[in-house]
Amino acid sequence: MANGPALSTAKGGEIYLGSEIVNSFSLLDVLYANQFEGVSLDPKLSEQTEENFYRGAPPDWLNFHISEQAEYRGIGTPFIKRDGYDTLEQQIRQRRKRPGISTVKLFHQSGCGGTTLAMQVLWDLQKTFRCAVLTGSTLDIPNVAKEVVHLFTAGSRGHQNTVLLLLNDEHILEKLRDSIMKTIAEQKVDVGVWPVAILLSCVRKDEVVQSDHVALQRALSDTERQKFNEKKKELSRRYSDKCTQFYGFNIMQTNFSPAYVQQVCTVFSEVKKRNRPKKTQLAAFLSLLNAYVPGSYLLESQCLDFFKHDDHGDLSLEERMQPFSHLIVTFQQDETSERRVRMAHSMIAKQCTELMAEAGVNRSDTARNLLTCLCRDKVPQCLLDFVNDMLTKREMKKEKNPNSSTEIKDEQERFSRLILDIQKKEDNVQSASVLKVASKKMDTNPFFPQALARVYYIELKEYNKAEMWAKEAKKRNPQSSFVADTLGQLHKNHLNYLNPLNKTSKEQGNVKSKKLHAKPREILQLATKAIEAFKHEEQLAENERESDMKGDGATKVSNIFNSRGQFGYVQVCNVLFDLLVHQNETWRKVLTKNVSMSSVLESLGDNKLDRFNDLINSLRDEVERKCDFFDKYLTYSKPDMKKYDVPYISKDTSDCYTKYVRDSPPRHVKEECAPYIQKLKQSLAETSAGILSYLDREYTEAELKEITTLWEKIYSSKDSLTALVNYILAHIMLINTGLDFPPKHSCLTAFRHKMPLNPKEAPELYMLALLLYWPTDSEDKCVFDLTELVQHMHCSYEHAYKKYFRSRYLRPLFFIGKGQSLKRIVHRKVLEGWANKEAIQDKSNWSDEKIFQEPVIQEHLLRVEGVVRNYSLYATVGGTQIEVDANLQNSLWKQRQVSFYLGFTIRGPVAFSIQTKTTEKVEMSEMDVSKPGEVKPNLSACPDTTKGSSGMLTPSGNDGSAMKQDST
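So, here's what we can say about the structure. (Residues numbered from 1 in each chain as written. Predicted model: local features only at pLDDT ≥ 70, side-chain atom pairs only at ≥ 80, totals over all residues. Heavy atoms only, no water.)

**Some remarks on the pattern of salt bridges**
Pairing is possible between side chains of opposite charge, provided their charged atoms come close.
Moving on, step 1. Overall, the coordinates contain 43 salt bridges when judged by the stated rule.
Moving on, step 2. For Arg 238, the salt bridge is made with Glu 50, and the minimal N-O distance between the two is 2.6 Å. Residue Arg 238 is located in helix α8 (residues 222-239), and its partner Glu 50 is located in helix α2 (residues 43-55); the two are separated by 188 residues in the primary sequence.
Moving on, step 3. Between Asp 578 and Lys 659 there is a salt bridge, with the nearest N and O atoms lying 3.1 Å from each other. Of this pair, Asp 578 sits in helix α24 (residues 564-583) while Lys 659 is found in helix α28 (residues 647-662), placing the two residues 81 residues apart along the sequence.
Moving on, step 4. Via salt bridges that share partners, Glu 50, Lys 231, Glu 234 and Arg 238 belong to a single interconnected network. (Salt bridge = Lys/Arg side-chain N within 4 Å of Asp/Glu carboxyl O. Helix = DSSP H or I, 4+ residues; strand = E, 2+ residues; numbered from the N terminus.)

Next comes the structure, spelled out in structure tokens:
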């Protein structure tokens with residue numbers, strides 16, 4: 001880099017950067033196009049860097065340069081490429097043909113060379129892309145996005161180039177993508193014809209499931225073995241006996257042989273439990289960390305400080321650590337960072353940990369000793385993070401869904417891997433002991449007492465201790481709803497422990513000997529504690545705000561809404577109902593408010609139960625409110641485009657609703673329409689969300705007609721706008737099931753007379769207005785202001801649902817079809833039913849929109865015309881342009897005239913299957929032209945960053961009619 005660092009341009013050239021640009025990248029480690037070119041390297045530095053790498057240190061850019069130069073001079077074989085290399089490089093090059101921002105994923109098991117492979121690809125593509133590694137905090141997404149955009153635009157117009165960014169956190173991909181796009185739009189960047197960024201996500205997984213992504217495992221193919229054997233001969237010639245300690249390389253060369261690992265770790269078999277010297281203790285600390293936290297390390301200064309009271313003079317760490325030094329590597333990440341120390345390989349770390357345990361030094365012993373010796377005074381932040389992961393990070397385990405050949409179920413482990421191993425290989429008491437030491441040593445961290453409370457109530461059934469530590473966790477972080485959740489969960493667990501219907505015979509025996517016949521007073525006391533805890537958690541969740549929501553600067557930030565408080569309440573009510581009714585059937589009438597508790601105290605057998613009167617009276621209404629929340633939550637949204645909520649959320653909610661509300665009308669309700677409303681409640685159709693989930697439930701034709709008739713009667717009796725809307729929605733749903741049950745014409749006329757709607761009306765009302773009045777022909781003008789309707793719907797959604805649905809994917813509810821009047825409104829389930837008939841896989845996977853490629857779908861849906869401009873999409877209606885959301889944001893990079901299918905989520909209109917109009921020819925040089933100084937119209941009075949917009953019917957005719965077909 002004689003002329004300074006350079007970046008590649010999209011046209012194959014290079015531009016040199018000034019120090020101001022180079023120094024602006026604080027979160028990215030940029031790999032320059034001319035890295036090390038023209039630089040005279042110290043031979044000793046090069047040799048030491050290469051030795052460290054083969055011994056087990058992380059790869060450095062210099063490793064690839066050294067190998068490249070050795071191959072060029074004919075003195076070395078090429079840097080070994082694992083079999084996934086070509087596929088990974090090909091996927092990256094293919095992504096360059098796509099606009100905007102793309103993602104490529106590499107899954108790899110720890111210690112199999114995944115990070116090396118990813119960096120190797122970046123090195124080989126440094127003159128094609130602008131390559132960088134995300135080294136800064138993944139919590140600072142907006143600034144990461146700004147640096148990515150800065151790297152993309154560095155240099156004058158025409159010299160920009162796609163950024164290839166390597167990162168190891170797959171959970172930030174969507175948020176980073178959205179933030180990059182937002183930054184591009186704010187800065188009015190002209191991206192030209194090139195994609196802005198390709199995000200290479202390099203993710204460690206204990207179990208790698210085969211998929212479309214590149215997956216690297218601890219197993220070599222025959223081709224790879226041959227390459228490693230050739231490299232072994234080269235290293236033997238160059239390094240002689242030194243290569244016997246190249247454990248990072250040798251483990252891979254032996255195909256990850258357990259026998260080889262056992263052989264090199266024999267020194268640990270001589271460890272004694274008593275009077276262990278500090279070098280043995282430190283080796284045990286490193287082994288435990290590296291075995292359970294991939295990528296972890298200790299600072300060399302911290303290791304030396306551990307020996308400071310020993311009289312060893314000026315001995316180096318390597319000398320002090322004999323006879324374990326050959327299994328340990330010391331390295332420096334960059335010139336500014338401290339030297340780091342770790343075991344040579346994760347397999348060595350695991351083997352050493354196991355050998356120590358066999359010698360009597362158990363995992364719990366080492367963990368407690370590590371906490372006592374290293375976590376005192378001022379602890380480096382990196383060690384705090386590693387210890388936190390080691391003791392509290394719960395991995396996701398993937399299991400095949402028995403109900404689907406392709407779907408994989410994600411389920412979180414109960415505890416961290418270390419805690420699980422201590423429980424398995426030692427006992428639960430020892431796992432609690434480790435977490436207790438951590439809780440006391442780091443007395444501001446809420447996660448250690450939280451995990452400790454979970455061990456006490458899940459494994460040990462010591463509920464008093466669990467309650468004490470759960471309250472301690474809350475004390476340390478009083479504003480976090482997620483920390484508060486543990487207190488409610490332990491009380492729920494305790495209550496469930498009393499339920500004989502949920503026990504195995506052995507557990508029932510234990511309960512019978514204790515509290516199978518717990519008195520109602522005791523049950524209600526416990527239920528009260530659980531309910532109060534969950535209600536407090538719910539309130540904390542209500543107060544938590546997303547990071548990009550406006551707040552007071554002191555409010556707790558959370559990217560997702562925590563609904564566990566509401567769901568915990570529902571589960572407690574389920575258990576409470578079962579326990580009380582199991583003892584006395586009279587409780588059924590009390591809990592459903594058919595009789596007052598005070599009138600039946602004698603038959604309940606306890607005259608002192610009246611102190612729970614307020615709780616009992618509140619249950620039915622609260623259950624109804626919570627179930628209404630989950631009805632909307634599950635109908636209008638899902639975790640993301642590809643995933644669904646776990647089934648037990650819907651089941652437990654439905655069970656609870658049935659017990660308290662559905663089958664038992666309260667005696668005190670006297671209003672005129674009460675019988676109709678109760679019948680609707682029995683059908684789960686008393687709300688708009690309930691009606692819109694018709695097709696998810698197996699209703700008979702008679703039931704569907706009855707529901708529609710009931711809403712007609714309620715509207716006729718009350719002249720309520722909500723009742724009118726639900727009546728019309730019920731008819732729309734009937735039409736989508738193929739039933740011929742036309743509404744009275746007056747209902748549409750009545751709704752028209754209600755226009756314009758009050759700005760404070762619910763989003764469902766605005767959605768119906770847009771569905772009814774959106775013109776079929778783009779040349780037609782709407783009698784109402786569609787722009788205003790969309791704005792008001794956005795604002796209504798903002799106030800009603802945004803807090804709860806943030807980070808979730810908004811499911812499309814309806815699409816505009818080619819029919820007339822109500823028959824043109826097509827429900828999402830009908831589309832999925834058609835796709836099901838055509839045997840389309842992943843028909844409800846809205847991330848690829850393949851469903852819209854099917855002729856049967858295209859035959860029934862109406863394409864709407866519009867334009868993409870300044871990274872936004874506008875529908876053209878009667879000469880007016882109305883901004884709509886796009887289901888796939890990557891469709892917005894190319895400025896052009898487009899057509900699309902128009903769907904509606906609970907937030908508003910969303911475009912699907914965006915395509916360039918076939919009558920228009922768009923030259924590549926004209927893509928994404930942003931006029932200087934052009935201001936994007938503000939069509940929404942309530943800014944919102946929630947994106948996107950998922951239900952089975954089969955077609956019965958060309959008119960769009962069809963016939964019917966979550967652990968907290």
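**Side note on the side chain of Glu 50**
Moving on, step 1. Taking relative accessible area as the criterion, Glu 50 reaches 7% and is therefore assigned buried.
Moving on, step 2. Reaching out from Glu 50, the side chain makes a polar contact with the side chain of Tyr 239 at a distance of 2.8 Å.
Moving on, step 3. If we ignore the near neighbours within four places in the chain, the residues touching Glu 50 are Asn 63, Ile 66, Arg 238 and Tyr 239. (Buried < 20%, exposed > 50% of the residue type's maximum accessible area, 1.4 Å probe, protein only. Polar contact = N/O pair within 3.5 Å; in protein donor to acceptor, adjacent residues only side chain to side chain. Contact = heavy atoms within 4.5 Å.)

**Some details on the environment of Leu 31**
Moving on, step 1. On the secondary structure map, Leu 31 appears in strand β3 (residues 28-31).
Moving on, step 2. The spacing of Leu 31 and Gln 126 is 95 residues in sequence and 6.8 Å in space, taken between C-alpha atoms.

**Details of the packing of aromatic side chains**
Moving on, step 1. For the structure on display, the rule yields 42 aromatic pairs.
Moving on, step 2. Centroid distance Tyr 54 to Phe 249: 5.8 Å. Interplanar angle 90°. Geometry classified as edge-to-face. Linking Tyr 54 in helix α2 with Phe 249 in helix α9 (residues 247-253), this pair joins segments that are 195 residues apart in sequence.
Moving on, step 3. Exposure remark for Tyr 54: the relative accessible area of 7% places this residue in the buried category.
Moving on, step 4. Owing to a relative accessible area of 5%, Phe 249 belongs among the buried residues under this scheme.
Moving on, step 5. Note on Phe 852 and Phe 912: the rings are 5.7 Å apart at their centroids and 40° apart in plane angle, and the pair reads as tilted. Residue Phe 852 is found in the loop between α37 (828-837) and α38 (855-860), and its partner Phe 912 is found in strand β22 (residues 909-916); the two are separated by 60 residues along the sequence.
Moving on, step 6. Overall, the relative accessible area of 2% leaves Phe 852 in the buried class.
Moving on, step 7. Owing to a relative accessible area of 0%, Phe 912 belongs among the buried residues under this scheme.
Moving on, step 8. Every member of this aromatic cluster is reached through a ring pair, and the members are Phe 36, Phe 53, Tyr 54, Trp 61, Phe 64, Phe 79, Trp 123, Phe 228, Tyr 239, Phe 246 and Phe 249.
Moving on, step 9. The ring centre of Tyr 901 lies 4.4 Å from the NZ or CZ of Arg 863, which sits over that ring. (Phe/Tyr/Trp six-rings, centres within 6.5 Å; stacked < 30°, edge-to-face > 60°. Lys NZ or Arg CZ within 6 Å of the ring centre and 35° of its normal.)

**Considering the sheet that holds strand β9 (residues 298-299)**
Strand pairing in a sheet is mediated by backbone hydrogen bonds. Such pairs are either parallel or antiparallel.
Moving on, step 1. Here three strands make up an open sheet; going across it, the order is β9-β11-β10 and the pairing antiparallel. For this open sheet the edge positions go to β9 and β10 (328-332), each flanked by a neighbour on one side alone.
Moving on, step 2. Looking at chain direction, β9 and strand β11 (residues 339-343) are connected through two bridges and run antiparallel. Residue Leu 299 lies in a different strand from β11, and its bridge partner there is Arg 340. (Pairing = 2+ DSSP bridges.)

**A word on empty space enclosed by the protein**
Moving on, step 1. In this structure, the largest cavity spans a volume of roughly 40 Å³.
Moving on, step 2. Taken together, Ala 284, Leu 288, Thr 353, Met 356, Val 361, Arg 363 and Thr 366 make up the full set of residues lining the largest cavity.
Moving on, step 3. Every element with two or more residues in the lining of the largest cavity is listed here: α11 (278-292), α14 (346-358) and α15 (363-374). (1 Å grid on protein atoms, 1.4 Å probe; cavity = no way out; pocket = protein on both sides within 12 Å on 5 of 7 lines; lining within 4 Å. Points joined across faces, edges and corners; volume = space filled by probe spheres on them.)

**Here's the deal with helix α20 (residues 463-476)**
Moving on, step 1. Given a rise of 1.5 Å per residue, 14 residues ought to cover 20 Å, and the 20 Å separating the end C-alpha atoms of α20 matches this to within 8%.
Moving on, step 2. When α20 is considered as a whole, its buried residues turn out to be Tyr 463, Ala 466, Glu 467, Trp 469, Ala 470, Ala 473, Lys 474 and Arg 476. (Expected span 1.5 Å × (residues − 1).)

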